[in-house]
Amino acid sequence: MLAMLAAVEEKWSLMFLWLVVAFAVDGIDGPLARKYDVKTNAPEFDGVLLDLIIDYLTYVFVPAYALFKSGLLPGWTGWFAIIVITFASAMYFADNRMKTKDNSFSGFPGCWNMLVLVLFAVQPNFYVIVGLVALLAVAMFTPLKFIHPVRTVRWRSVSLPVALAWTIFAGWAAWVDFHPGSWAHWGLVATSLYLLGVGIMQQLIPARATSG
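Reading the values: the criteria
Residues numbered from 1 in each chain as written. Predicted model: local features only at pLDDT ≥ 70, side-chain atom pairs only at ≥ 80, totals over all residues. Heavy atoms only, no water. Phe/Tyr/Trp six-rings, centres within 6.5 Å; stacked < 30°, edge-to-face > 60°. Helix = DSSP H or I, 4+ residues; strand = E, 2+ residues; numbered from the N terminus. Buried < 20%, exposed > 50% of the residue type's maximum accessible area, 1.4 Å probe, protein only. Contact = heavy atoms within 4.5 Å. Axes fitted to C-alpha atoms, helices over the stretch in contact; angles between N-to-C directions. Parallel < 35°, antiparallel > 145°, perpendicular 65-115°, else oblique. Left-handed = near helix turned anticlockwise from the far one by under 90°. Nonpolar A, V, L, I, M, F, W, Y, C, P; charged D, E, K, R; others polar. Expected span 1.5 Å × (residues − 1). Salt bridge = Lys/Arg side-chain N within 4 Å of Asp/Glu carboxyl O. Core = buried A, V, L, I, M, F, W, Y, C linked by side-chain atoms within 4.5 Å.

Let's talk about the packing of aromatic side chains
All chains considered together, the criterion is met by 14 aromatic pairs. Ring geometry for Phe16 and Phe120: centres 5.0 Å apart, planes at 70°, overall edge-to-face. Of this pair, Phe16 sits in helix α2 (residues 12-35) while Phe120 sits in helix α6 (residues 112-122), placing them 104 residues apart in sequence. Summarising the burial analysis for this pair, Phe16 and Phe120 share the class buried. Each ring, one from Phe108 and one from Phe146, has its centre 5.8 Å from the other, and the planes form 75°; the classification is edge-to-face. Of this pair, Phe108 sits in the loop between β1 (105-106) and α6 while Phe146 sits in strand β2 (residues 145-146), placing them 38 residues apart in sequence.

Listed below in structure tokens is the structure:
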């Protein structure tokens, strides 16, 4: 809600700072819930459903609104992006095949908050933005794998620090109001490319069989 209020006032840096806070919380709420066995101690609450509701708001709804209102996408392109992002994400979040056996995601997991933040930082041509939105929307419904930095065990010793670095770069970029000379932008691009591609790399490179 704090991010949305900032977005309505077009205070984009403040909005993204709140979304970065939400992203950080999202990284620890699951481990905490499992540590304190919420399924046993509070069985009347569905943590998975609660997580999906919050993720849709912070990963999809608020960033889609920001992209639409930011001026990065003129005319029909803004409408195209906001409709594609919100509809495709709703269908993806309702798909019970979204998780793989290794706790990764099957298809792009609708992390539009991450994409939109990078777009605000880099500000590419609007055709590039539309192309990325279309490509990732299609990727949501493909068998391509995208890791969960916390729950995907394979290469987690690298993926988790990279996700932490992304969070720091994101907060830094928003803090300096996306100043074009900020080194945070390069860090954002590099860590984003890793997080987008590492799951696909894991599909291309088979895991070593363990003995015993």
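Having put the structure on the table, let's press on.
Examining α6
Within α6, 10 of the 11 residues are buried, which leaves the element mostly enclosed by the surrounding structure. When we look at burial in α6, the residues that qualify are Trp112, Asn113, Met114, Leu115, Val116, Leu117, Val118, Leu119, Phe120 and Ala121. For α6, the elements touching its buried residues are α2, α4 (47-69), α5 (76-93), α7 (126-139), α8 (156-175) and α9 (184-204). Positive phi shows up at Gln123, right after α6, with a value of about 55°.

So, the environment of Val20
Tracing the chain through its elements places Val20 in helix α2. Look at Val20 and you get buried, because its relative accessible area is 11%. In sequence terms Val20 and Phe120 are 100 residues apart; their C-alpha atoms lie 14 Å from each other. With residues near it in sequence (within four places) discarded, Val20 still touches Leu117, Thr167, Ala170 and Gly171.

So, the packing of α6 against α7
Where α6 meets α7, the axes come as close as 12 Å, and the angle between the chain directions of the two elements is 165°. For the element pair α6 / α7, the angle class is roughly antiparallel. Crossing of α6 over α7 shows right-handed handedness. Facing Trp112, Leu115 and Leu119 of α6, the residues of α7 in contact are Ile129, Leu132, Val133, Leu136 and Ala137. Here the contact of α6 with α7 is built from residues that sort into eight nonpolar, no polar and no charged.

So, α5
For α5, spanning 18 residues, the distance from its first C-alpha to its last is 26 Å, which sits close to the expected 26 Å at 1.5 Å a residue. Turning to α5, its buried residues are Thr77, Gly78, Ala81, Ile82, Val84, Ile85, Ala88, Ser89, Tyr92 and Phe93. Close packing links the buried residues of α5 with α4, β1, α6 and α7.

Quick notes on the pattern of salt bridges
All told, the structure shown has three salt bridges when counted by the stated rule. Among the ionic pairs, Glu9 bridges to Lys11, the shortest N-O distance being 3.0 Å. Take Lys11: its relative accessible area is 44%, and that puts it in the partly exposed class. Here Asp95 and Arg97 are joined by a salt bridge, their closest N and O atoms 3.0 Å apart.

Overview of the packing of α8 against α9
The contact between α8 and α9 brings their axes to 9 Å, and the two run at 145°. α9 is crossed by α8, and the crossing has left-handed handedness. Along the contact surface, α8 presents Val158, Ser159, Val162, Ala163, Ala165, Trp166, Phe169, Ala170, Trp172 and Ala173, while α9 presents Ala184, His185, Gly187, Leu188, Thr191, Ser192, Tyr194, Leu195 and Val198. Of the residues in the contact of α8 with α9, the class split is 14 nonpolar, five polar and no charged.

With respect to the nonpolar core
Ranked by internal contacts, the top residues of the largest apolar core, which has 58 residues, are Met15, Phe16, Leu67, Trp112 and Trp166. Looking at this core, the element that brings in the most residues is α6, giving nine residues. Discounting chain neighbours no more than four positions away, the residues touching Met15 are Ala3, Ala6, Ala7, Val62 and Ala66.

From the geometry alone we can't say anything about function, so treat these as descriptive.
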